[in-house]
Amino acid sequence: MRLFAILSLVLSIVTLGACSMQGSAPDADGSPMVSPILTTEDAKDPYSYAQPEVARVTHVALDLELNFENRDVSGTATLDVLAADSADKVILDTMGLEILSVTDNAGSDLPFEVGETKEGIGAPLTITLGDKRQVIIAYKSGPKAKALQWLVPEQTAGGKHPYLLSQGQPTLNRTWIPTQDSPGIRQTWEAKITAPEPLTVVMSGLSGGDPTDAGKGRRVFNFTMDKPVAPYLIAIAAGDIVFKELGPRSGVWTEPAMLDKAAAELADTEKMIDAAEELYGDYRWGRYDMIVLPPSFPYGGMENPVMTFLTPTFIAGDRSLTGLVAHELAHSWSGNLVTNANWSDSWLNEGTTSYFENRIIEKLYGNKRASQERALNFAAMEETIAEKGSDADITALHLTGENASPEGGASGVIYDKGASFFHTVEAIVGREKFDTWLESWFDRHAFEPATSAMILADMRKNLVKGDEELEAKLLLDEWVYQPGLPSNALRPDPAAFAEVDKAAAAYVANRTLDKAVWEKWTSAERLRLLSKLPQQLPDEELAKLDGDLGLTASANNEILFAWLKLSLQNRYDPAVPLAEEFLATVGRRKFVAPLFETLMEQGEWGKPIAKRIYAKTRGRYHAVTTGTVDKTVLGED
Ligand code: BES
Ligand code: ZN
């Protein structure tokens, strides 16, 4: 069966060059599942050197040792390659890797060449295969491997042991794994990881059980991912971490000092998985575990399969920021099951997920919270669109030109505009029809890459079904390919924040705010109020707000961030120590970058503060965060 599957794949390469290659389901005999690749123009990935239509990696087996002293990983990657008989070479993506040797599985050297390095893409590693279809690469990651962050003990909650965490999306995994690092080239994988005691290793694959002793104070951990995934989803973390079960198929890893707090915040996880399944079909990955990382993790969350990576900054004590968990969980369908073929269609991952996230929140916590979160996101989207210009290409869902870069979606518009698109379609066709279609879309393309053109064609075929009136109402192409917000966009319910907006208006008019009312508000309501305050406020007003609302002492990092931003943009000296403390511990780019930007905008007052703080904190941030903040703080004199 496996041979047949491979033959038919190869045949389709040769005969159906321009069509999607058929994949194969996992076989009863256990041979691995192979996903199809797309070969249409819109599915090509300009940020990868791979030529998957010639030769593609289908399976990666890693055997790596984590070296905390040198801050590198070293060992071997054994790749299975699927290629037509006539194919002689396979091209991989690498960035800063030291390639020691390439051999076949009998140990004979295979010729290889590392090409020129291009900024942001890395260098192609071209291996001459001959008739071989498995290669073993011995290598070491470079000293500045961007995916990896090596933390000193002081950056952890326990303060005693070092820590390693990785972030692969979008194109960083090529700094520690030599493979075809493109979201449209799915691979199964396995890993054997050697780490110093007492560190425990987790990965975005199922654990092979207890570690085994490797001598010299080291232990070996095994992992497997038998479902083909986009390679940016391979992730690793190692530290002094422990596990707590949350439900029959879910649990949380974190440092011992964080375990109870993390588990309490995540107590609804199993219910979230149930809600997600009720909405859009079975959870297909087996377990859903999470790791709550040290605060230097550069994102809020990352949807690594079977092991979502989370910032600890979502812990507020009241589960008010668990939309993040719903989001990463939703990616188990939108993103991990059906994946954008390249980064120009990031909205397929992020927009669909943001919609799905909101539906989970609604199911679990009710419409009040869901509609408030929708309104908050919609307002943020409108603000960004206004800032960028409603004719700016960056505000389209399908990104083109420079915006189609792996980081093109970072403006955030694709998240909320994508969600808004689906909320609009849902409102027009009705929830039942919409849900049936979305679930069927995930089913039809499970474990496959997808493009904007594909989802639109699918909607037309399976949802619009030739109804011209409906087609005219939906404005599908405008939503996906045009900048700005289409005229049919479903507006958020004004009732969602009626009370808060009234309070904000009263504050604007006469600087009064009822403290008792604030105390009763939800996290979203408080954030809404902070967003509606006058942007310019004198010190006395800021002091009063802080005193009345307890902003400095807030346990909610979103509120703390909003408060810091407001105070720094007003050159409010008393907030500087708090900003400094926050920036010294938190490395989440969404918080760190805007705070430095705000400081840098404050000329003689803010620039020296920004430079002083950054000189101290830069070394504690992940490359994702320094990549952005360097431009802001160091790029300017
Ligand atoms: N997949 C993203 C993170 C990401 C996007 C990494 C693009 C690299 C490139 C993740 O699911 C995400 O969107 N995280 C958000 C949380 C969310 C609730 C909007 C974040 O980190 O803030
Ligand atoms: Zn996401």
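Residues numbered from 1 in each chain as written. Chains lettered and ligands numbered in written order. Predicted model: local features only at pLDDT ≥ 70, side-chain atom pairs only at ≥ 80, totals over all residues. Heavy atoms only, no water.

Once that is clear, we can look at the layout of surface pockets. Approximately 510 Å³ is the volume found for the second largest pocket. Together, 24 residues line the second largest pocket, and Pro295, Pro312, Thr313, Thr585 and Val586 are the ones closest to its centre. Among the secondary structure elements, those contributing two or more residues to the lining of the second largest pocket are helix H16 (557-569) and helix H17 (576-585). A total of 5 residues in the lining of the second largest pocket trace back to one element, the largest contributor, which is H17. Tallied by class, residues from the lining of the second largest pocket come to 12 nonpolar, 8 polar and 4 charged. (1 Å grid on protein atoms, 1.4 Å probe; cavity = no way out; pocket = protein on both sides within 12 Å on 5 of 7 lines; lining within 4 Å. Points joined across faces, edges and corners; volume = space filled by probe spheres on them. Helix = DSSP H or I, 4+ residues; strand = E, 2+ residues; numbered from the N terminus. Nonpolar A, V, L, I, M, F, W, Y, C, P; charged D, E, K, R; others polar.)

Our next topic: the packing of helix H12 (residues 498-510) against helix H14 (residues 523-532). Packing of H12 against H14 brings their axes to within 9 Å, and their N-to-C directions diverge by 30 degrees. In this view, H12 runs roughly parallel relative to H14, as classed from their interaxial angle. For the pair H12 and H14, the crossing hand works out as right-handed. Counted together, Val500, Asp501, Ala503, Ala504 and Val508 of H12 and Glu525, Arg528, Leu529 and Lys532 of H14 form the full contact between these two elements. Per-class residue counts for the contact of H12 with H14 are 5 nonpolar, no polar and 4 charged. (Axes fitted to C-alpha atoms, helices over the stretch in contact; angles between N-to-C directions. Parallel < 35°, antiparallel > 145°, perpendicular 65-115°, else oblique. Left-handed = near helix turned anticlockwise from the far one by under 90°. Contact = heavy atoms within 4.5 Å.)

Ligation of the zinc ion (ligand 2) by protein atoms is provided by His327 (NE2), His331 (NE2) and Glu350 (OE), these donors lying 1.9 to 2.1 Å from the ion. Along the chain, the residues donating to the zinc ion (ligand 2) are arranged with the sequence spacing H-x3-H-x18-E. With a gap of 23 residues between them, His327 in helix H4 (residues 323-330) and Glu350 in helix H5 (residues 346-365) connect regions that are remote in the sequence. Classification of Glu350 by relative accessible area gives buried; the value is 7%. (Donors = N, O, S within 2.8 Å, 3.2 Å for Na, K, Ca; no water. Buried < 20%, exposed > 50% of the residue type's maximum accessible area, 1.4 Å probe, protein only.)

Counted according to the given criterion, the structure contains 35 salt bridges. Two residues, Glu270 and Arg249, come together in a salt bridge whose shortest N-O distance is 3.0 Å. Of the two residues, Glu270 is situated in helix H3 (residues 269-280) and Arg249 in the loop between strand S16 (242-247) and strand S17 (250-254); the sequence distance between them amounts to 21 residues. You can call Glu270 buried: its relative accessible area is 12%. Here Arg249 falls in the buried class, since its relative accessible area comes to 18%. (Salt bridge = Lys/Arg side-chain N within 4 Å of Asp/Glu carboxyl O.)

In the region of ligand 1, 15 residues are neighbours, and Gln169, Gly300, Glu303, Glu328 and Tyr415 sit closest. Within the contact set of ligand 1, a nitrogen atom lies 2.7 Å away from a side-chain nitrogen or oxygen of Glu303. The contact in question runs from an oxygen atom of ligand 1 to an N or O atom on the side chain of His331, over 2.9 Å. Against a free-state accessible area of 530 Å², the protein chains account for coverage of 83% of ligand 1. Counting residues per element, the ones that place at least two in the shell around ligand 1 are strand S19 (301-302) and H4. With 3 residues, H4 is the largest single contributor of residues to the shell around ligand 1. Classifying every residue of the shell around ligand 1 gives 5 nonpolar, 6 polar and 4 charged. (Near = heavy atom within 4 Å. Polar contact = N/O pair within 3.5 Å; in protein donor to acceptor, adjacent residues only side chain to side chain. Areas by Shrake-Rupley, 256 points an atom, 1.4 Å probe, with all protein chains shown as cover.)

No statement about biological role is implied by the geometric values presented.
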